[in-house]
Structure formats: structure tokens, C-alpha cells
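Coordinates in review
Single-letter residue listing:
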Amino acid sequence: MAVERETRNNLVFAVNGERFELSTVDPSTTLLEFLRSRTRFKSVKLSCGEGGCGACVVLLSKYDPVLDQVEDFTASSCLTLLCSINGYSITTTEGLGNSKDGFHPIHQRFAGFHASQCGFCTPGMCVSLFAALVNAEKATQSEPSPGFSKLTVSEAEKAISGNLCRCTGYRSIADACKSFAADVDVEDLGLNSFWRKGESKEVKMSRLPFYNRNKEICTFPEFLKKEIRSSMLLDSKRFYWYNPVSVKELQSLLESNETNDGSLIKLVAGNTGMGYYKELEHYDRYIDLRYIPELSSIRRDPKGIEIGATITISKAIEALKEENKSEFHPKSEMVFKKIANHMEKIASGFIRNTASIGGNLMMAQRKNFPSDIATILVAVGSMVYIMTGPTCERIMLEEFLERPPLSSKTLLLNVKIPSWESIKNISSETDTMLLFETYRAAPRPLGNALPYLNAAFLAEVSPCKTSDGIIVNNCQLAFGAYGTKHAIRARQVEEFLAGKILSLDVLYEATKLVKAVVVPEDGTSSPAYRSSLAIGFLFDFFSPLIDNGGKISNVLLEGYIKNVNAYKSNQNHVQLAHDNLPSLLSSGKQVIELSEEYHPVGEPITKSGAAIQASGEAFYVDDIPSPENCLHGTFIYSTKPLAWVKGIQFQPKPLPDGVASIITFKDIPKGGENIGSKSIFGTEPLFAEELTQCAGQRLAFVVADTQKHADKAINFAVVDYDLENLEPPILSVEEAVKRSSLFEVPPMFYPKQVGDISKGMAEADHKILSAEIKLGSQYYFYMESQAALAIPDEDNCMVVYSSSQVPEWTHAVIAKCLGVPEHNVRVITRRVGGAFGGKSIKAMPVATACALAAHKLRRPVRIYLDRKTDMIMAGGRHPMKITYSVGFKSNGKITALQLDILINAGLSPDISPIMPHNILGPLKKYDWGALSFDIKVCKTNHSSKSAMRAPGEVQGSFIAEAVIEHVASTLSMDVDSVRSINLHTYDSLNLFYESNADEPLEYTLPSIWDKLAMSSSLHQRTEKVKEFNRDNKWRKRGISRIPIVHEFFVRPTPGKVSILSDGSIVVEVGGIELGQGLWTKVKQMAAFGLSSIQCDGVGDLLDKVRVIQSDSLSLIQGGFTAGSTTSESSCEAVRLCCNILVERLRPLRERLQDQMGSIKWEMLIAQAYMLSVNLSASSFFVPDLTSMQYRIYGAAVSEVEVNILTGETTILQTDIIYDCGQSLNPAVDLGQIEGAFVQGVGFFMLEEYLTNSDGLVVAEGTWTYKIPTLDTIPKQFNVEIQKSGHHQKRVLSSKASGEPPLILAASVHCATRAAIKEARKQLLSWSGKDECSSTFQLEVPATMPVVKEHCGLESVERYLEWRMGRK
Ligand SMILES: Cc1cc2nc3c(=O)[nH]c(=O)nc-3n(C[C@H](O)[C@H](O)[C@H](O)COP(=O)(O)OP(=O)(O)OC[C@H]3O[C@@H](n4cnc5c(N)ncnc54)[C@H](O)[C@@H]3O)c2cc1C
Ligand code: FES
Ligand code: FES
């Protein structure tokens, strides 16, 4: 190296106040890898590994010894390289508090607001909130009231807006965060365990766990401050990590032999680019650019702001927002602020805090990254300063982007954003106005999603001297991210507009030009949508200046913003970009009715384990420390739907780094079987043998020394396929039917037809014949991906820790695969980080592969499946094609429904044969008159589909709604009245659900239906929606109410309750804690059951109960945790155990009470021990035939607003009423209802689980698969849990809640359809057509492109034509 410096330092940093010093480390090690594998701080979870979920968020703190200041910011530890945090302090949620020393109020409030279900997202959420609290303290706001922080409600919500949660639906998390805000109205906070009904605001505030701002955790330990020196740079020779401190040094480094020896070098700033480009190369050396002053400074001069390349996006936002009155013209400040506002929608806070401006632009330059920064900076005419070897150049950003990819040694030094005054063309024109706006259309409004298109427009306009209009003096129009190589300037449009007086005709011509310019490259998804977005944005920008009559002078005097606001208040114009950030959840109301009857059952107690989930002490499978010699595995999967597998090799090396073995079906021991999973309908092989039969099928299991090595290795696997003598694969349901490739459905799972279809059809006044619907798949997106750890035990035994919903069957499959008796296998499951059906059948091969590898290699083997492989192999929800014919009367009463349903089950039966039954259950929620159907379960060359929350049921219910909508639309009737007229009477309900009819009083749907109309003010709001739609052209609203009827099955479940000598109680149940609150309800039931012994102290039994992990040898016949009813059946099993124990204890209690007058619980138990009373009881709850099956009822009203220009749907309000019987725990049930509903919103509106033409999943992670975030849930979210009295055959009168609320999210889809209908009516009227032809099927999911397409991709053009024609 040319420049010698004292850099013999080790890597030193602190984690939660503990000092760490490393003398060497692989420079590609991420902070997450280090924390999880080399420290006890396992709260930092890996979920996506690409910066998209927030499960791994940590607080990084950096000390500036000169200013004596600590800078605190969040970062995603999965992308942060360990060497880049030399001298930093890291805080994880463990650092805030714990069960031994006391929890932090953040932990306590997350638990108390019921904001943690599976808990896998919770540590990241807590850290995000903590960071916001710490930084709020640095602000200059006035002092908040004691117990609160300086944080505002909106900041509190935004703090977690980039974190994903798949369980809760976010409302409860938002409330936990908002509870710290200085400006919170406590009345706006939702259900929590701190308050009692009727308490005053003051009492409520005092009951929140106290937050002491003045005693907050120190984020940067004193000892580390003392170590911070200016020369604290790593020894590059040992770490292969260089920290040049000047451009000169960097240059000589890039030219030196040290880096020119053929080794792979990477320049890094924040390393977040790795989240998008998952480079497979192993870099030998890294050069950290952040220590070079020229790259890390921000300079302001009258000509603009120069931002160093390593400046983070967060810092750039701060700089651009900085107000310095005299420095720039106010219009320049306006431009800077709008750029900053746009940047706030890039990724999420924890990415922006480390992602650099330079890194972003280099990704755009070299790899066509769809950058926002490039587009907005191109629009304002920014310049970049680059250096290649000794040559430095200052060029326009546009030219920089247009050049061929720059060499890896070209350095971007800075980017200069010019001030308006420095580039202003018409200096003499004093009345010239500067207009600037930026735009982006993305699935999530607040960011954390790449845009379909972004744009930024800058224009100088002035009043026309000779007419009323406005002249565009000149403009700069930039578009990007639409499937183009880089951001572009639309020069043809600019040139056309320059000098023109704005008019409808001019704008119309301009839209045509835009359409010719913004043309996505081949292969880009939704190309027409993206082009139409460009037109919409242009229209939005210029149209306020047209036809504005007397307001023109105001425009110029008072400025564009004011003008646009005036337009907005006219309600005739859309605003796409001028709004402040869209507000998040505005509020939520929860109505629950408590029941004391079975105390403490029925109490909304805090979820068991919520606090330790928040503090990161809760263990998931991947948190179990690795045993000695442990290996790590992952799968090689097929990319072909049907092919011979001739061989598998690695290239270029025969064995990639760290790989120990590759396991295939050939490794199955003698006596064992190639079995990976089973269900009651059949089995699936663990590995394909000679023939692979679907893309995503497991071919082999690679085992390596680390998970990283195993994950990397599969990218080097080359599978030799051969298609000889093979028929083409079956990739569609139609083809499956043609080739009779069907799974048999046992008669007991095939539902019965109702009534006489010919008669029903004959009675009809109208018919719709052979209408079609197609429904796609959905991925589980559990935050914890599939995980297992297999440890060989003595005597040919195997202990397997599995993140499974069905340990019992996993156990059986492992034994069969290994060819050992079942008593040789033990499967242990403590808690699961989200499952939603995806960890029942699909968890089995994961655990089995580990067990097989462990068996063969005689070493422990574990797996934590990376998100991409998980998504490719998971299968997910069943896609299907539905053809229906329906007959109906002129009043909307349906007389007959005929259905043909083709279900794509994929390769193996899995649970697919139950789908006909599941689809029909909720579909029968309406009285169809007669119902006939033909349902085929198709075997195809797709990965086998499995149960996902409300499997079949969500589709069945949706089909019903689609039919109703179609009927209403055909009759031009109000849909709600068609729904009402077709709701069941009690008699028709019994006809359709012949088995186990409810008592008349138990059929609560009619009353819920009416009550919801009242509580949600449905009718008044419907009128308001109409009014809104009359008054608004570019936004339309829709409101929709839908009912659900959902059938449940209760399955046999075991339980075991044991009382220990100190009176504490330990409970085992067959059910698994998946986040659904099963343990909590079980605890309550144990306390209730044992309290009937009636001795002193039984009121406090709840605190004495611990539910322990499931162990498949300790409690057999555990069964499935699925179908929503496992909580209640586990509770019932526990109640039976308690009854046995109470019976055993009763004589003793009576005797002792007679002797002593009263007896305490502990004393009773101590005496029972002395007398050898058996204090452990087991039971196996088997529901009798009459109580096995039951139904629940519910309804939801949703109101949405659709933006016609972008296709964006905002859920304004949702109101739900759900009949929970007598809820076992209303807080838990509320969480299930909200969480399921939001997962349903994902299914109906956002989530596209796409495959390529071979059936290989191509939605591989958070970049392409968008689950709901805080900014996509209903802005107002009201849930009422109806207590529907006594249900004799139910477990303490309770009913389940896990799945049906997901189905209620169809209300959002239906409301969207209603809004689109209005848009289409308007469009037809612009086109001068008849409005009756407006019938359409709205696809699921109704994503932005889909919605926009139905609203009219050419709506702007039609509008302009209409206006021009009228003139
Ligand atoms: C989850 C997520 C979501 C995102 N969403 C968006 C979005 O919506 N819109 C958007 O615009 N961006 C988005 N991004 C991209 C993000 O802005 C970039 O990843 C980030 O700015 C890159 O900066 P970095 O410092 O991390 O670069 P690094 O990852 O360190 O580097 C990126 C590349 O640039 C090279 N490089 C870095 N600095 C220089 C330099 N000065 N000179 C020469 N080469 C250099 C590196 O060698 C590397 O090849 C997202 C990123 C993530 C992870
Ligand atoms: S695991 Fe790091 S952001 Fe998802
Ligand atoms: S609690 Fe958030 S992912 Fe499960």
C-alpha cells in the first residue's frame, strides 16, 4: 500500500454495553451473522436477509469525540458489515431490559397492548421504537408530561412503518408505540391490559408502565468513548478491510499491487445494495469509502447543495430540509424540501440511515437499479463528480446514467443539486414561477416498495401577456423505474411544451408524446399501466394551470401549492404528490364484552410470553445454540416441471467452500423410506428420485459448516436434466382435466348438492351462464422461515427441534424415513414464529432432511431456510378456476347456482382433497335456492399446494360474493340489498348446513348484519360515498358489507396437567403456540379448572401455571394445530385433567378444611405430596359427534378510496362484528381477528405469488412479494367481538377466531369493485357510451395495475377529449 499509516487495530465495538474485540474476521461477515452465531444476543432475527422486513433491526450508536456527541440510528443488521461498525455501540432489545432485571416500558407496553403474537417481529419493532424515543429526546420540543416522550403520534407510527408483522395487523403495535407520544390522546389507544373500564384519563395515564425519559438506557458506553481515537482504523492486512482517509490514498490503493493481484475488491458505503443484488462472489477485500472527507461532506453555496457520495439518504434528507433563510431563494428551498419528501419514501428508515446517495446512483448507473434518487435529481439538472484513475470529471447526472456501466474502480465523489436561481433561464421575468413536483406509484404509500414508475417535473411558467392562460417557459420532465435502463428526460415533451400556452389541447398532445416516450422494455410487468401512470402524473402536474379562469393571477402571486390546494378544495382534482405523507392508522375502536362466569377464562389477559418475546429472550428453533460439530443444510430444488435428473454437480469447484456432504434419496438407510411428508390423503417423497415432477421439488440436501456456506453452495449446483421420452408437463388445470390427472376425493369430503338445480334455473327470471373467475395463490410469509435442528442421540435415536404445527406427524415421517421405530424419535417444538398452515405438512420434509443428514453423518444438522428457497418450495394457497351459472329473480333473489371448480393441487395430495368441503362451507352462506357443483382436484406439475389460513374457505366465500356482485350488476341493483335478500333464514340455513344445525338463537348472522349497519352508519355513509363520487373526478369511493358463515371442526387433543410440590403447575398440550395465543387460553383454563377445588389462594393460580414445549414422546397423539379450534380443544383437554386432579384432591381438601377451617393451595399440595396423591393427570379430549362441528358468524363493512390516476386503493374504514361465543380471551381473539383480516387484505389486494411458465416461483422475497404494512391497513379499524351468550356444546361457550376474519377482507375487495364501477361509469360518460355495459370481474389480488386497468388506462385522454369536445 502506498500510504503507510498506523492501523494495527483490532475490531472493537460494544453490544448492549459489553465490549467485543476481534483480531480477525471474514470481511463479508454481517453484523447479524456475528450477533446470532457468536453472542448471546439472539433477539436479532433473520427473516428476509435483504433489508425488507425489519426483523433484524438494531440501534447503532456512533460517538464523535470532537463534539462529544452520540449519533443514534437504526440499521438492518442483515446488510451491515461487521467491519463497518468499528468503534460503534450496538443496542438490541436485550439491551433495554429483561425478565431478570426488569423489562423496559417498551417491552411492557408491547405485551400490555397485545402487540406481540408469534413475537418474531417484536424485537425489531421494539428497537425501532426505542431509536425513535432516543432521537426524540434530542429534539428541541417542549417538555412532555411525566411518563411520556417528546415523540409525536405520527413519529411513533412512522418509527415502525418499515417493519413487517404477519400476525397482528399492526393496530395494536401502533397503539403500543403511540402510547409514548407526547401528543397522544389516551382515548385513542386501544384495548390493553393496563386499564379498567370507566377509569379517568388521568388514572389511565398513570397505569401505563412508567417511561422515565431521564433514566433512559445509555446507548454508548463510557469505556468505548475512551477508546475512540482518530486513528481507529482497522488493520487492513488482517481484516482485508481498507479505510482510506483521502481520495489520494484511495487512488493509490486502487493502483497498488495489493489490490491488483487479481483479488476481488468491493467498494462499500452502507452495503445495502446487497439487499437487492445478492452477489454470489466472495470479495477478497473491501474498501470502506466513508472515511474519505471529500465523499462524506455536504457543501452548500449559492449554486446549490453538493452531497458527498457516502452521505446517507437520511442525512441528505436532513440537509435538504434544513432551513437557512438567507442562503437560497425560497423556491429553491421548496425544491429541496420536495426532493427530501420524496426521499422519505425510499426503502424504510433503517435502510435510509445507512444507504448512501452515491451507492444508490452507482447501482442505477452500473446495474439499471430502478432508483428514485436518480429520477428526481435528473429532473432538477444535477451534476455528478466522478473519478477514474487520475481523471476527474464533472458531468450531468443524465450523462452519467447514459454511459456504459462504469468500471469497478470508478469512484463517484459527489452529486450537486443546483439551486433554482443558479439555473434559472429567464432572469428578467419577475413574474416567472417555478413549479416542482415529484411522483411515485408503489404498492405501499410510505415506501418500502419499489415504484412502478417515478417522476419529477420542474417547470418555469409565467402568465401570458396576451391571453388568460399560462405559458410554459421551459420544463424538465424526468421519468424512471418503469422498466427502463435508467431515469430519462422526456425531451420531446419538454420541447413541445416550451413556449406553449397551457390548454387542454396542448396537454392532450403532450400526453400522446409521453406515451411514446415512457415505454417499458420487453419483459417489464404491467407495461401499459406504467405508461398510463406517466400520463396521469403529467396531467396532475399541469392541469391545475389550465382553465383556471380568474385564479391565474393568484397562481402566480400565491404560489403553486396554494393553487393546487384551491383545486383540491374544489374536489374536482386529484393530488398525487402534493399531499404530506399519507397518514397512517388514524384510530381503531374495539368493543368487547367481558364475562366473569369462568374467571380467569374470559379475561383479556396479556399473551403468555409476550414480554420475553419483546425482550428477545424467547427462543425459536434457530435460537437454540448449535451443539458441537453441528452442520447446516439447505435444499437444491428443481427448476424444471418434469425432467429426468441425470446428476447434480457443483461448478466451478466440485465442492464449494465449507460443504461437507450432499444428501439425496440414495442416502436413505436400509429399511427407511423416501418420505418427506404425509397427510391422511397420502405421502410426498423427501427427494425426487430419477424424475423431478415440479419446479421447486427437493432434489438434494447440501450440508456445510455454516448456513451461509450451505445457502451459497446451492447457487453453484448444476443439475443435469434430460427431457427425453417425457410427455409435456401438466401446468394448467384445464390440461389436468384433459389428461384425467385428478386426485380422488373421498366421499366423506365431498359435499352434498342442495335442491334441484333444473327447477331452480327454471324458476329464474334471469340467468348468467358460464361466467369465469380465476384465483391465484398466496404465500404464508411467516416471519420465521422453516427451521429444524436434528441431534443424534444414543442407541440410534434422534431428537429433532422443529418449527412445526404437527410434531406428531413430523415424528412419524422421520421414523419412517430413517427406518427406525417411532420411539427412537423425539420431536420438540416450543414456539413457532408464525405458521398460517405453512408449517404443517410443509415443515415435515425440512425436519426429515435434517434428521436424515444427521443420521448419515452422525453429527447434529440444522437448517434455517433462506427466504428465497422457502418461497420457492412452500406451495402456498390453492389457485383455482371457477365457472358459474346463476339463475335469479328480478328482485335479486337467487334461485340456482351451478359451479364448476378446478383446483390446482400441484404434485402431491397434501390436504387438497378436503378443499371441496372447505370451499363449499362458507360459500353456502347465502341461500342459493338450489346449489349444484362439480369440483375437481387437479394433479399438476406444480409444487403441491397446502393449507393456508382459511384454506378453500376464503375462496368459497369470495366466489359467493363474486356471484352476488354479478347478479346485482346485471340487475343494476344495489349490491347490499342483493346480499340481504339472499341471506339465510333459519330454515334455509338448516337446509344448506344439514349436519348439526344451530339452535335458532345461535344463528346470529341476521342480528349481526343489522347491528353492523347501525354501528358503522352504513346507510348514511353510503349516501356520503355517493356524494363524494358526484363531486370528485379522480378519486372514487366504494363501501361494501359482507357476511360470513364459517364451519369449524373440533379435533381430538391430548393434555396433561401436573402440580409440583410448591404448588406451581405445569401444563402440556397437543396444540402448538404459533402466536395465536393458545398457551394463554390454556393457562387461563388450567387456573379456572383447578380453582374449583375451592381453597384459599386459588384466585392467584394463573401466575403459577406454565405451559411447556410440546414433546412428541411425552404427550402423544398431539395432532394438527390447525383449523382455528386447537386452542379450545387443548383447553378442554386441560379442563378434563383439572377435573381429575380436583377429584383426587377434594377429599383431602375437605378433610383439611374440616380440621383447620381453611386451607391454602400450597399447603393442600404439600399435604397431597406427603400422602402420595397422584398430582399428574392426562386426558385425551375427543369431541362427540354432536359437538364436533359448529359455525360462527360475522360481518364487515369496508370503505375504500381509489385513486383513478394511479390505481391505488386506500382503506378508509373497516368495521367488523364477529361472534366469538363467550370469548376465552377477548384480547387474544381481537388480535386474531385484526391479524387475519389484514392477512386477507394481503390476499385480496396486494400479494402476487407469481411463477414463471415452468411453475417456478419468481416472487422470491420482500422486493417482489408485498404483504400489508402499517400504511396499507384500514385508517379507521373498528372491531366488535360479540358475546353471543351460552353455547352448550362449546368449550365454556366459546367459539374460534383464527381464520374466518381473513375472509371478511373480501369487503375491501368488494368496496374497491364498487369504487371502480363509479370510475367506469364516469369513463363511459366521457366516452359518450351507455353505462349499462359496466360489468367486470375484479381479479384477486386487486393490485394497483389491476385497479387502474379497470378504471381505464386511458382515463386522462378520454377526459381531455371529452372536455375538448364540449368546448
Ligand atoms: C429494502 C430496500 C429498499 C430500497 N428501496 C429503494 C427505493 O424505493 N428507491 C430507491 O431509489 N432505492 C431503494 N433502495 C436502494 C438503496 O437506496 C440503495 O441500496 C443504497 O442507496 C445504496 O447505498 P449503499 O451505501 O448501501 O451502497 P453499497 O451497497 O455500499 O454500494 C452499492 C454499489 O455501489 C458501489 N459504490 C458505492 N459507493 C460508491 C462510490 N462512491 N463510488 C463508486 N462506487 C460506489 C458499491 O461498490 C456497490 O457496487 C432500497 C434498498 C433496500 C435495501
Ligand atoms: S432480515 Fe434484515 S431486514 Fe429482513
Ligand atoms: S407477531 Fe409480528 S410477525 Fe408474528
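Small disclaimer: the values here were computed from a predicted structure and weren't measured.

So, about the overall build of the protein. When helices and strands are counted, the protein shows 42 helices and 44 strands. Taken over C-alpha atoms, the radius of gyration comes to 32 Å for the protein, in line with the 34 Å a tight globule of 1367 residues would show. Taken along the three principal axes of its C-alpha coordinates, the protein extends 100 × 85 × 80 Å. Burial statistics for the protein: of 1367 residues in total, 64% are counted as buried. Of all intrachain contacts in the protein linking residues separated by at least 6 positions in sequence, the fraction that spans at least 24 positions is 78%. Approximately 48,200 Å² of the protein is accessible, and the part contributed by carbon and sulfur atoms is 51%. Once the 144 positive and 156 negative side-chain charges of the protein are each reduced to a mean point, those two points are 1 Å apart.

Now for the site of ligand 1. The environment of ligand 1 is made up of 35 residues, and the closest members are Leu267, Gly270, Thr272, Ser356 and Asp372. A distance of 2.8 Å separates an oxygen atom of ligand 1 from a polar atom in the backbone of Ala269. Residue Asn360 places a side-chain N or O atom 2.9 Å away from an oxygen atom belonging to ligand 1. Within the residue set of the shell around ligand 1, elements represented by two or more residues are strand E7 (265-268), helix H13 (357-367), helix H14 (372-379) and strand E13 (411-418). For the shell around ligand 1, the element with the most residues is H13, which contributes five residues. Broken down by class, the residue content of the shell around ligand 1 amounts to 20 nonpolar, eleven polar and four charged.

As for its placement among the helices and strands, Arg867 is situated in helix H28 (residues 867-873). Within the structure, the side chain of Arg867 is placed 2.8 Å from the backbone oxygen of Tyr782, a separation counted as a polar contact. Residues in contact with Arg867, not counting those within four places in the same chain, are Ser47, Cys48, Tyr779, Phe781, Tyr782, Met783, Glu784, Ser785, Glu1260 and Gly1261.

Attention now goes to the pattern of salt bridges. Once the charged atoms of two side chains with opposite charge are near each other, the side chains can pair. Under the counting rule described, the total for this entry stands at 78 salt bridges. Between Arg739 and Glu727 there is a salt bridge, with its nearest N and O atoms 3.4 Å apart. Separated by twelve residues along the polypeptide, Arg739 in the loop between helix H24 (733-738) and strand E27 (742-743) and Glu727 in the loop between strand E26 (717-722) and H24 bring together distant segments of the chain. Bridged by salt links that share partners, the residues Arg36, Lys45, Asp622, Asp623 and Arg862 form one connected network.

Moving on: the sheet that holds strand E33 (residues 880-888). What links the strands of a sheet is backbone hydrogen bonding, and the strands pair in either a parallel or an antiparallel sense. Read across the sheet, five strands follow the order E27-E35-E34-E33-E28 without closing on themselves; strand pairing throughout is mixed. Of all strands in the sheet, those with a lone pairing partner are E27 and strand E28 (766-775), marking the two edges. When E28 meets E33, the two strands line up antiparallel, connected through eight bridges. Pairing of Ala771 across the sheet is with Tyr884, part of E33.

Time to look at the pairing of strand E30 (residues 797-802). Relative to E30, strand E29 (residues 787-793) runs antiparallel, the two sharing six bridges. By the bridge assignment for E30, Ile791 is matched with Val799. Here E29 folds back onto E30, and the loop between the two strands holds three residues, one of which, Asp795, carries a positive phi near 55 degrees. Looking at chain direction, E30 and strand E31 (residues 825-829) are connected through four bridges and run parallel. Across the sheet, residue Met798 finds its bridge partner in E31, namely Val825. The parallel pair E30 and E31, bridged by helix H26 (residues 807-818), forms a crossover whose chirality is right-handed.

Our next topic: helix H9 (residues 247-255). Burial of H9 is extensive: seven of the nine residues sit out of reach of the surface. In the core, the buried residues of H9 are packed alongside strand E6 (241-242), E7, strand E8 (285-288), strand E11 (383-388) and E13.

Moving on, we get to the environment of Glu437. Assignment of secondary structure puts Glu437 in strand E14 (residues 433-441). Polar contacts involving the side chain of Glu437 include one to the side chain of Lys338, which spans 2.4 Å.

What follows covers the sheet that holds strand E24 (residues 691-692). The antiparallel open sheet is built from three strands, whose spatial order is E24-E20-E26. For this open sheet the edge positions go to E24 and E26, each flanked by a neighbour on one side alone. Pairing analysis gives two bridges linking strand E20 (residues 643-650) to E24, with the strands arranged antiparallel. The residue of E24 that forms the bridge with Ala643 is Thr692.

Another aspect to go through is the confidence of the model for the protein. Mean pLDDT over the protein works out to 92, with 95% of the residues at or above the 70 mark. Across residues 1-6, confidence stays below pLDDT 50; counting only partners more than four residues off in sequence or on other chains, it has 14 contacts. Long-range and interchain partners of residues 550-582, a stretch whose pLDDT sits below 50, account for 84 contacts in this model, where long-range means more than four residues apart.

Glancing now at the side chain of Gln707. Mapping Gln707 onto the fold places it in helix H23 (residues 707-713). Note on Gln707: relative accessible area 15%, which makes it buried. Within the structure, Gln707 has its side chain in polar contact with the backbone nitrogen of Tyr864 (distance 3.2 Å). Excluding residues within four positions of it along the chain, Gln707 makes contact with His632, Gly633, Thr634, Arg862, Ile863 and Tyr864.

With that settled, the discussion passes to the environment of Val1308. Relative to the helices and strands, Val1308 is located in helix H40 (residues 1306-1326). Here Val1308 falls in the buried class, since its relative accessible area comes to 0%. Measuring from C-alpha to C-alpha, the distance between Val1308 and Pro1274 comes to 9.3 Å, with 34 residues separating the pair along the chain. Apart from the residues lying within four places of it in its own chain, the contact partners of Val1308 are Ser1198, Val1200, Ile1211, Thr1214, Phe1237, Val1241 and Met1245.

The rules behind each value
- Residues numbered from 1 in each chain as written.
- Chains lettered and ligands numbered in written order.
- Predicted model: local features only at pLDDT ≥ 70, side-chain atom pairs only at ≥ 80, totals over all residues.
- Heavy atoms only, no water.
- Helix = DSSP H or I, 4+ residues; strand = E, 2+ residues; numbered from the N terminus.
- Rg over C-alpha atoms; globule rule 2.2 N^0.38 Å.
- Buried < 20%, exposed > 50% of the residue type's maximum accessible area, 1.4 Å probe, protein only.
- Contact = heavy atoms within 4.5 Å.
- Areas by Shrake-Rupley, 256 points an atom, 1.4 Å probe, with all protein chains shown as cover.
- Lys, Arg positive; Asp, Glu negative; His and termini not counted.
- Charge placed at Lys NZ, Arg CZ, Asp CG, Glu CD.
- Near = heavy atom within 4 Å.
- Polar contact = N/O pair within 3.5 Å; in protein donor to acceptor, adjacent residues only side chain to side chain.
- Nonpolar A, V, L, I, M, F, W, Y, C, P; charged D, E, K, R; others polar.
- Salt bridge = Lys/Arg side-chain N within 4 Å of Asp/Glu carboxyl O.
- Pairing = 2+ DSSP bridges.
- Right-handed = clockwise from strand over helix to strand, strands pointing away.
- pLDDT = per-residue confidence, 0-100.

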